Amino acid sequence: MMKMEKQDKRDNRKNGLLEFVKFNLVGIVNTLVDFAVFTVLTFFGTHYMLSQVISYSCGVVNSFIMNKYWTFGAKSTPHGDEILKFIAVNVVLLGVSLTVLYPLKPQLGVFSAKIIATLFSMMVNFLGSKLWVFKKA
C-alpha cells in the first residue's frame with residue numbers, strides 16, 4: 001500500500017512538471033503572438049497601452065485553446081464557468097501587466113518594460129490556470 005502511495009506522489013509530481021513545461025511552451029507561443037500584434041499596432045501608431053490590451057487579448061485566446069486541450073489535457077467542450085474563470089484570471093493579469101508596463105516604460109523603453117511585465121505575470125497565470133480554471137475534478 002505504501003509503495004503505491006509513493007508511486008502516485010511521484011506520478012503526480014511528474015505530471016505537474018510536465019504540465020508546467022507545456023504551460024511555458026504555450027506561454028512562448030502566446031508571447032510571440034502578443035509581441036507580434038503589439039509590434040504591428042505600435043508601428044502603425046496605436047497608443048502603446050491600447051496596443052497592450054489588444055495584443056494581450058490575442059495571446060489570451062491562443063492560451064485558452066492550447067492550455068485547455070494540450071497542457072491540461074481536457075476533453076470537454078469549453079463551458080461558461082471555465083471560460084469566465086479564465087477571463088477573470090486574465091483580466092487580473094492584464095491589470096498586473098499594465099500596472100508594471102506603465103511606470104517602467106519611461107525608464108526602460110516600451111519593449112523592455114513589456115518583457116518585465118510579461119515575466120512578472122507568468123507564475124500567477126500558471127497557478128490560476130492549474131488550480132482554478134482547468135482544475136481536474
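All values reported here derive from a predicted model rather than from experimental measurement.

**Comments concerning the packing of helix H3 (residues 80-108) against helix H4 (residues 110-133)**
In step 1: For the pair H3 and H4, interaxial distance at closest approach is 8 Å and the crossing angle is 160°. By the angle between their directions, the pair H3 and H4 is classed as roughly antiparallel. Along this stretch, H3 crosses H4, giving a crossing that reads as right-handed.
In step 2: Within the contact of H3 with H4, the residues separate by chemical class into 17 nonpolar, seven polar and four charged.

**Considerations on a positive patch on the surface**
In step 1: Where like charges cluster on the molecular surface, the positive patch consists of Lys 6, Lys 9, Arg 10 and Arg 13.
In step 2: Looking at the secondary structure, you find Lys 9 in helix H1 (residues 2-43).
In step 3: Classification of Lys 9 by relative accessible area gives exposed; the value is 55%.

**Here we look at the pattern of salt bridges**
Two side chains carrying opposite charge are able to pair once their charged atoms lie near each other.
In step 1: On inspection of all chains with the given rule, the structure shows four salt bridges.
In step 2: Of the charged contacts, one joins Lys 68 and Glu 82 as a salt bridge, the two residues approaching to 2.8 Å between their closest N and O atoms. With Lys 68 in helix H2 (residues 48-71) and Glu 82 in helix H3, this pair connects stretches of sequence that are 14 residues apart.
In step 3: Glu 82 gets classed as buried once you look at its relative accessible area, which sits at 6%.
In step 4: Salt-bridge contacts for Asp 81 lead to Lys 85; the nearest nitrogen and oxygen are separated by 3.6 Å. A residue pair is termed a helical-turn pair when its members lie 3 or 4 positions apart in one helix, as Asp 81 and Lys 85 do in helix H3 at four residues.

Reading the values: rules and limits
- Residues numbered from 1 in each chain as written.
- Predicted model: local features only at pLDDT ≥ 70, side-chain atom pairs only at ≥ 80, totals over all residues.
- Heavy atoms only, no water.
- Axes fitted to C-alpha atoms, helices over the stretch in contact; angles between N-to-C directions.
- Helix = DSSP H or I, 4+ residues; strand = E, 2+ residues; numbered from the N terminus.
- Parallel < 35°, antiparallel > 145°, perpendicular 65-115°, else oblique.
- Left-handed = near helix turned anticlockwise from the far one by under 90°.
- Nonpolar A, V, L, I, M, F, W, Y, C, P; charged D, E, K, R; others polar.
- Patch = residues over 30% accessible without salt bridge, like charges linked within 9 Å, V, L, I, M, F, W, Y side chains within 5 Å.
- Areas by Shrake-Rupley, 256 points an atom, 1.4 Å probe, with all protein chains shown as cover.
- Salt bridge = Lys/Arg side-chain N within 4 Å of Asp/Glu carboxyl O.
- Lys, Arg positive; Asp, Glu negative; His and termini not counted.
- Charge placed at Lys NZ, Arg CZ, Asp CG, Glu CD.
- Buried < 20%, exposed > 50% of the residue type's maximum accessible area, 1.4 Å probe, protein only.

Read these as spatial facts, not as claims about activity.
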